[in-house]
Amino acid sequence: MLSVTFLHLDLGIGGAKRLIVDAAVTLQKKDCAVHIVTTHQDESHCFSETRDGSIYLLPLLETGFPERSLINFTPYVRTFASL
């Protein structure tokens, strides 16, 4: 099974966010394991698929991620690349 991880800084509502969510849903329908890693998600301002558990979402701020900076994704990218 193919595993895909999307990295996105702020998973709120917007065109780029919709594209990520739609791509994740489509890949899941094709039997891919999909994860979205983000530094921010507001439950009151997000797409339903990221709120209802349809997509596995890892909000890094809840796990001690220091700040909303793309540079800080680097260690996580290396971790996912080594899996």
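Let us look at the structure shown here. Throughout, a residue's number is its position along its own chain's written sequence, starting from 1. Reporting of local features is limited, given that this is a predicted model, to residues whose pLDDT is at least 70; pairs of side-chain atoms are given and counted only at 80 or more, and all residues count toward the totals for whole chains, interfaces and linings. Based on all heavy atoms of the structure, the side-chain values leave hydrogens and waters out of the count.

A look at the overall build of the protein chain
Point 1. Check the secondary structure of the protein chain and you find three helices and three strands.
Point 2. When its helices and strands are written in sequence order, the protein chain yields β-α-β-α-β-α.
Point 3. Burial status across the protein chain gives 33% buried among its 83 residues.
Point 4. Residues are treated as being in contact if the distance between any of their heavy atoms lies within 4.5 Å. For the protein chain, the proportion of contacts with a sequence separation of at least 24, taken over those separated by at least 6, is 62%.
Point 5. In this description, accessible areas are obtained by the Shrake-Rupley approach with a 1.4 Å probe, and a residue is regarded as covered only by the protein chains that are shown. Carbon and sulfur atoms make up 57% of the accessible area of the protein chain, which totals about 5200 Å². Put simply, DSSP marks the helices as runs of H or I at least four residues long and the strands as runs of E at least two long, and each gets a number from the N terminus on. Each residue gets one of three labels from its accessible area relative to the maximum for its type: buried under 20%, exposed over 50%, partly exposed in between, using a 1.4 Å probe on protein chains only.

Points about the sheet that holds strand β3 (residues 56–59)
One key point about sheets: their strands pair by backbone hydrogen bonds, in either a parallel or an antiparallel sense.
Point 1. The strand order β1-β2-β3 describes an open sheet built from three strands, whose pairing is parallel. Every other strand in the sheet has two partners, leaving β1 (3–10) and β3 as the edge strands with one partner each. Averaged over all pairs of adjacent strands, the angle between strand axes in this sheet comes to 20 degrees, irrespective of strand direction.
Point 2. By definition, two strands form a pair when at least two bridges between them are found by DSSP. The pairing of strand β2 (residues 33–40) with β3 spans four bridges and is classified as parallel. Directly across from I36, in β3, lies its bridge partner L57.
Point 3. Of the strands in this sheet, β1, β2 and β3 touch helix α1 (residues 15–29), which is tilted by about 165 degrees from β1. Under this scheme, a helix contributes an axis fitted over its contacting stretch, all axes are lines through C-alpha atoms, and angles between N-to-C directions fall in the 0 to 180 degree range.

Worth remembering: the numbers are spatial, not functional.
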